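Structural description and commentary
The primary structure of each chain is shown beneath.
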Amino acid sequence: MTSLSPVDAERLKLAFQRCRDMEGTLNERLRAYADAGREIFPAYGEAVDRLVARLTENGGGEDAPRPGEVMPPFMLPDHKGRLVTLPSLLARGPVAVMFFRGHWCPFCRLNVRAVIQAQDRIRAMGAHIVAIMPETQEFTGTFKADSGAPFPVLTDLDNGYALSLNLAIWLGTEIQRLLSYQDMARFHGNDGWMLPIPAVFVVGRDGLVKARFVDPDFRKRMEIDDLLKALEQASREH
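Keep in mind the model is a prediction, meaning the values are calculated, not measured. (Residues numbered from 1 in each chain as written. Predicted model: local features only at pLDDT ≥ 70, side-chain atom pairs only at ≥ 80, totals over all residues. Heavy atoms only, no water.)

**So, the pairing of strand 8 (residues 199-203)**
Across the 5 residues of strand 8, 5 count as buried, placing the element largely inside the fold. In terms of strand pairing, strand 3 (residues 95-99) meets strand 8 through 5 bridges, oriented antiparallel. Each residue of the ladder has a partner; that of Met 98, found in strand 8, is Val 200. The sheet contact formed by strand 8 and strand 9 (residues 209-214) spans 5 bridges and is antiparallel. Counterpart to Val 203 in the pairing with strand 9 is Val 209. In this antiparallel pair of consecutive strands, strand 8 and strand 9, the connection spans 5 residues, and Gly 207 shows a positive phi of 85°. (Buried < 20%, exposed > 50% of the residue type's maximum accessible area, 1.4 Å probe, protein only. Helix = DSSP H or I, 4+ residues; strand = E, 2+ residues; numbered from the N terminus. Pairing = 2+ DSSP bridges.)

Given below as structure tokens:
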């Protein structure tokens, strides 16, 4: 199979809903969805394994900013076209800068839902979240509306900021073929098939990275307890 049939697309949708509503940690839900996806659409799971192996061998994401280093600033538009800068966010408190693949990605949707569920605890410590995606404002708006995200979702068109952090990757022809049912050119405003490695950088008010999570395997994400711990530590520094 080189693409997803309508029947299997519906099966994946049901699997997503089960994993979304199950008890457990974020990564337990992600693993459950990955396992279901491998059963329903094995060709994609195997192709992702090969992509992850290639990225890992090439040190994918290793050169992204590390704890103790300055987080490069950004100025990116939100879903309404308003420019948001990292310094303006840091003026209000520590920030978790989170990279997502797109509104279409079920792993990203599971991830953002878990972050939103922790939002009261994040606010209570004076910290903030900002999400960055390579999609046009139409689709960052879709992501924000569908998830109910109370934080900015910014457009990193052509992965410019992700590239500057050594996070942008080319998916390759095999993944392109298997994901051909997704209209990536429309989502991105280009046909480059580039995505960021999902990553989290917890940045203190001094602009330094306090903690990071970078994994070439997009099926794994920073656990919410680890995110909260890093934000709390960063909030105590000022």
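Moving on, there is more to tell.
**Notes on the pairing of strand 4 (residues 128-133)**
Across the 6 residues of strand 4, 6 count as buried, placing the element largely inside the fold. A two-sided burial pattern is seen for strand 4, the buried positions comprising His 128, Val 130 and Ile 132 on one face and Ile 129, Ala 131 and Met 133 on the other. One ladder, built from 3 bridges, connects strand 4 with strand 5 (residues 153-155); its direction is parallel. Bridged to Met 133 within strand 5 is Thr 155. The parallel pair strand 4 and strand 5 is bridged by helix 7 (residues 137-147), and the resulting crossover is right-handed. (Right-handed = clockwise from strand over helix to strand, strands pointing away.)

**What about the pattern of salt bridges?**
Per the counting criterion, the structure on display carries 13 salt bridges. In this structure, the salt-bridge partner of Asp 21 is Arg 113, at a minimum N-O distance of 3.9 Å. Taken together, the positions of Asp 21 in helix 1 (residues 6-21) and Arg 113 in helix 5 (residues 106-117) put the pair 92 residues apart, joining distant regions of the chain. What makes Arg 113 partly exposed here is its relative accessible area of 30%. Across the salt bridge formed by Asp 78 and Arg 82, the nearest N and O atoms sit 2.9 Å from each other. One network of salt bridges, with partners in common, ties together Arg 38, Asp 49, Asp 217 and Arg 219. (Salt bridge = Lys/Arg side-chain N within 4 Å of Asp/Glu carboxyl O.)

**A few points about the layout of surface pockets**
Estimated volume of the largest pocket: approximately 430 Å³. Looking at the largest pocket, it is lined by 22 residues, and the ones nearest its centre are Leu 4, Leu 12, Tyr 33, Pro 106 and Tyr 181. Counting residues per element, the ones that place at least two in the lining of the largest pocket are helix 1, helix 2 (26-40), helix 3 (42-57) and helix 5. When the residues that make up the lining of the largest pocket are grouped by side-chain class, the tally is 14 nonpolar, 3 polar and 5 charged. Taken together, Phe 16, Arg 20, Arg 109, Val 112, Arg 113, Ile 116, Gln 117, Phe 143, Asp 146 and Ser 147 make up the lining of the second largest pocket. Broken down by secondary-structure element, the contributors of at least two residues to the lining of the second largest pocket are helix 1, helix 5 and helix 7. The biggest single contributor to the lining of the second largest pocket is helix 5, with 5 residues. (1 Å grid on protein atoms, 1.4 Å probe; cavity = no way out; pocket = protein on both sides within 12 Å on 5 of 7 lines; lining within 4 Å. Points joined across faces, edges and corners; volume = space filled by probe spheres on them. Nonpolar A, V, L, I, M, F, W, Y, C, P; charged D, E, K, R; others polar.)

**Looking at the packing of helix 1 against helix 5**
It is at 11 Å that the axes of helix 1 and helix 5 come closest, and there the two elements cross at 20°. Between helix 1 and helix 5, the angle falls in the class roughly parallel. Crossing of helix 1 against helix 5: the hand is right-handed. Contacts between helix 1 and helix 5 involve Phe 16, Cys 19, Arg 20 and Asp 21 from the former and Pro 106, Arg 109, Leu 110 and Arg 113 from the latter. Residues belonging to the contact of helix 1 with helix 5 are distributed by class as follows: 4 nonpolar, no polar and 4 charged. (Axes fitted to C-alpha atoms, helices over the stretch in contact; angles between N-to-C directions. Parallel < 35°, antiparallel > 145°, perpendicular 65-115°, else oblique. Left-handed = near helix turned anticlockwise from the far one by under 90°. Contact = heavy atoms within 4.5 Å.)

**What to know about the sheet that holds strand 9**
Spatial strand order, 5-4-3-8-9: 5 strands in an open sheet with mixed pairing. Each edge of the open sheet carries a strand with a single partner, namely strand 5 and strand 9. Across the sheet, the mean angle from the axis of one strand to that of its neighbour is 20°, orientation sign disregarded. The sheet contacts of helix 7 involve strand 4 and strand 5, and relative to strand 5 the element is tilted by about 165°.

**Notes on unusual backbone geometry**
Located in the positive-phi region is Asn 159, a residue other than glycine, with phi close to 60°. Relative to the helices and strands, Asn 159 resides in the loop between strand 5 and helix 8 (160-164). For Asn 159, a relative accessible area of 4% gives the class buried. Despite not being glycine, Asn 166 has its phi angle at roughly 65°, a positive value. Assignment of secondary structure puts Asn 166 in the loop between helix 8 and strand 6 (168-170). The exposure class assigned to Asn 166 is partly exposed, which follows from its relative accessible area of 42%.

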